[in-house]
Amino acid sequence: MKGYSTLSRRLFLCSLAAVLPVAAALLFLLAGCERQYSKLGRLDTDAAQDEAPRRQQMALREYLENSRHINRVAWPVLEANAPLCRSRAPRLGIWVTSAEDLPFAQRAAFAELFGKDPRLLVVEVFPGGPADKAGIRSRDVILAVNGDPVRGGFDAASLFHRLLEKHLTKSPDMTFRIERDGQPLTIQATAAMACGESVFLYEDGEPNAFADGVNIFVTTGLIRFLDDDDELAGVIGHELAHNEMGHRNMKLANAKTAARLTQVPAAILGMCTGLNVTRMVYKKALQSYSLDFEYEADYVGLYFAARAGYDVSKVPNTERRFAAMDPKMITIGSSHPPSAERFVAMEAALQEVQAKQAAGQPLEPNLKK
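The text that follows walks through the structure, step by step, so that each part is easy to find. Residue positions are given per chain, counting from 1 as you read along its sequence in written order. Local features in a predicted model are, by the rule used here, given only for residues with pLDDT of at least 70; side-chain atom pairs are given and counted only at 80 or more, and totals for whole chains, interfaces and linings are based on all residues. Excluding hydrogens and water, the side-chain figures rest on all heavy atoms present in the structure.

### With respect to the overall build of the protein chain
Each helix corresponds to a stretch of at least 4 residues labelled H or I by DSSP, and each strand to a stretch of at least 2 residues labelled E; elements are numbered beginning at the N terminus. Counting its regular elements, the protein chain contains 12 helices and 11 strands. Looking at the 369 residues of the protein chain, the share that counts as buried comes to 38%. A separation threshold of at least 6 residues defines the contact pool for the protein chain, and within that pool the share at least 24 residues apart is 66%. Computed with the Shrake-Rupley method and a 1.4 Å probe, the accessible areas treat only the protein chains shown as cover for residues. Summed over all atoms, the accessible surface of the protein chain reaches about 21600 Å², with 57% contributed by carbon and sulfur. Throughout this description, buried means an accessible area under 20% of the type-specific maximum (1.4 Å probe, protein chains only), exposed means over 50%, and partly exposed covers the range between. Contacts: residue pairs with any heavy atoms within 4.5 Å of one another.

### Here we look at the side chain of threonine 318
Summarising the element assignment, threonine 318 is placed in helix α11 (residues 315-325). What makes threonine 318 buried here is its relative accessible area of 5%. Ignoring any residue separated from it by four or fewer positions in sequence, one finds threonine 318 in contact with Leu226 and Glu231.

### Focus on helix α7 (residues 229-244)
Here α7 is 16 residues long and its end C-alpha atoms lie 22 Å apart, about the 22 Å a rise of 1.5 Å per residue gives. Between N or O atoms, a polar contact is any pair within 3.5 Å; within protein, one atom must be a potential hydrogen donor and the other a potential acceptor, and residues adjacent in sequence are included only when both atoms are from side chains. Of the residues flanking the start of α7, the one acting as N-cap is aspartate 228, its side-chain oxygen 3.1 Å from the backbone nitrogen of aspartate 230. Glycine 246, located one to two residues past α7, shows a positive phi value of around 70 degrees. The span one expects for a helix is its residue count, reduced by one, times 1.5 Å.

### Brief notes about the packing of aromatic side chains
Aromatic rings considered in pairs are described by the distance between their centres and by the relative angle of their planes. Only rings of Phe, Tyr and Trp enter the pairing, Trp through its six-membered ring, and a pair is recorded when the two centres are within 6.5 Å. The plane angle decides the type: under 30 degrees is stacked, over 60 is edge-to-face, the rest tilted. Evaluated as defined, the whole model comprises 6 aromatic pairs. Between phenylalanine 110 and phenylalanine 114, the aromatic rings sit 4.6 Å apart at their centres with planes inclined by 20 degrees, giving stacked as the arrangement. Of the two residues, phenylalanine 110 and phenylalanine 114 are both situated in helix α3 (residues 104-114); the distance of 4 residues between them amounts to about one turn of the helix. Of the residues examined, phenylalanine 110 reaches a relative accessible area of 1% and is grouped as buried. One aromatic cluster is present, built from ring pairs that chain together Phe200, Tyr202, Phe210 and Phe217. Its guanidinium or amino end placed over the ring of phenylalanine 114, arginine 139 lies 4.7 Å from that ring's centre, counting from NZ or CZ. Note on geometry: a ring has a charge over it if NZ (lysine) or CZ (arginine) is within 6 Å of the ring centre and within 35 degrees of the ring normal. Geometry around phenylalanine 225 places arginine 321 over its ring, the cationic atom sitting 4.4 Å from the centre.

Dropping the structure here:
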């Protein structure tokens, strides 16, 4: 009995030790709840429900404005560099969509801004582009292209671009049947040759831009970081250079070659260490080749922006500001290295561009044959 009592006491003490912290935490939370110094008003649930659509409208407005912004800046870069781009096509400089092409959560906000028309709407016309010169305007409804009807609803924008592509392979001259403020209009437009890339807004607070070999993406964080359109044009020119110089495909090919050449020793090291050495070699090779490609994109991209008429003298200072965001990267390389060497190389490229401008020479980068 005595042993049993001792065991009981130990179990009781252990249980008490486990329960006391939880009880103390609960008492603290309850005490905190009682320390409310202000008297809050009753929550208006109807007002809270009304607030959600307002926020969606604000978010959509910002998205549309940022998208318009990057395309306003990008269009001159894409058009001016058509002679230098490997990927080029006749383009109109127009952005269209229908409400049903948007994510479901954005449709109500889109309807508030553009109305509830389910047909294909012109969201933006890029200033100076063929559609702008022809007189097409934002909020126009596109009814037909060269006599072929254009439908609205889901996937309307994609179908419209396929229709455009079909007609543009035959001729750059297009006849649009549109509706503006309820009135039908016929507008003639002639497409202009431009680089084949499209520029998209990527919603991310980190200041960044990237290219996937086909298109260009600019983050919302970068829009907020940059001071003006000249800086943005420099970034777009840089990413355009990545695509047009074929950096993505070369980088992947080089990394695969490095991994293949080291496959046997990497396998042996992997057996000894338990690590995926082949993958480590592949990733290291990607980073290594990225440094060279970044320098080349800086050089060629500076020309791309200058050919579009932007003030590229601001571009090197943009690089300085990136370096100030992360000072350790001034001397340590990365896939987008804001290093001292990179800044010096950009200054040299700038001097080359400015010398050609002063001499009235063609603004074409000096590339290997």
